[in-house]
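One letter stands for each residue in the lines below.
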Amino acid sequence: MTQLRERMILEMQLRRLSERTQEAYLYAVYRLAKHYKRPPDRITDREVQDYLLYLMNERKAAWSSCNQFACGVKFFFEATLGRTSIRFALPPRRSEQRLPEILSAQELERLFSAVTNVKHLTLLKTLYATGLRVSEAVALKLTDIDGDRMTLRVEQGKGRKDRYVGLSPRLLKDLRDYWRAYRPSTWLFTGQPPQRHLPADTAYVIYIRAKLKAGIKKGGGIHALRHAFATHMLEAGVDLRTLQELLGHRSIGTTQRYLHVTRKSFGGPGNPLDLLALGKKKRRPE
């Protein structure tokens, strides 16, 4: 480990940045140094700006990816190198409103049926049954499961907040069957080595493989299970405020977008075409 990397890690730890943020910031600086083939402390602001333009124009990277890169490099320059003024910028994000594609109950059944590995199946079921973020699900411990109160404890989820979510009887049974088969000791979903939890990237690969095997064409990654949970809970009658708490959203505005994808949004008196009093006269073929 280089001295610069050690200093950057120390500065991030002092600011109590999450592990995922630290990994993202370190990777951003690594990519920059690799691109210019020289140490990152010898790279100018102008070169950082040129690389940002390269990411946007040549690599067609998403704005969020470019922003994460810019934040990581900015942290390195300011906190690690002590540069007082940074002269590179990222254009503001374009306002876009995209609604997620929601998996149906039939698609979820196909997805689960496509998975033969008990550990992988239990992970996917847990994600759908609880609405957890993948980073929260892989970090679950055995002690987070309360079978008496039928709850799961999410420790230090996004925003460094603890919360509880409901535990369905069916999921509890699946979790017990899984435990009897694998006998995890600390982490619910162990990785390699078992002293670590399963990486979120591995969970993503598990989902994509299952989706392909099930023949599901809808877009989106493993977060689709969280979208499905939220939408199906609203359709089942759960109120918006309760759903906000279950999902761990800071703003209820984030939760409200699921109102636009529930089947209730298309309810009411019916489609106007179906309401027309069309005659039963048969039309002659053209």
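Quick note: structure is the one above.
Residues numbered from 1 in each chain as written. Predicted model: local features only at pLDDT ≥ 70, side-chain atom pairs only at ≥ 80, totals over all residues. Heavy atoms only, no water.

Asks: Mind showing me how you'd approach the sheet that holds strand 3 (residues 161–166) here?
Replies: With antiparallel pairing, three strands are arranged side by side in an open sheet as 1-2-3. Unpaired on one side and paired on the other, strand 1 (145–146) and strand 3 mark the two borders of the sheet. In this sheet, strand 3 lies alongside strand 2 (residues 151–157) in antiparallel orientation, the contact comprising five bridges. When the sheet's bridge partners are listed, G157 is paired in strand 3 with K161. (Pairing = 2+ DSSP bridges. Helix = DSSP H or I, 4+ residues; strand = E, 2+ residues; numbered from the N terminus.)

Asks: Would you mind showing me how to read the pairing of strand 2 here?
Replies: Consecutive side chains of a regular strand alternate in pointing toward one face of the sheet and then the other. Looking at chain direction, strand 1 and strand 2 are connected through two bridges and run antiparallel. In the strand pairing of strand 2, D146 is matched with T151. Between strand 1 and strand 2, which follow one another and run antiparallel, lie four residues, and M150 among them has a positive phi close to 55°.

Asks: So what exactly am I meant to see when it comes to the side chain of D174 here?
Replies: By secondary structure assignment, the location of D174 is in helix 8 (residues 169–182). The class for D174 is buried, based on a relative accessible area of 16%. Polar contacts involving the side chain of D174 include one to the side chain of K125, which spans 3.4 Å. Among all residues touching D174, those that are not within four sequence positions of it are T122 and K125. (Buried < 20%, exposed > 50% of the residue type's maximum accessible area, 1.4 Å probe, protein only. Polar contact = N/O pair within 3.5 Å; in protein donor to acceptor, adjacent residues only side chain to side chain. Contact = heavy atoms within 4.5 Å.)

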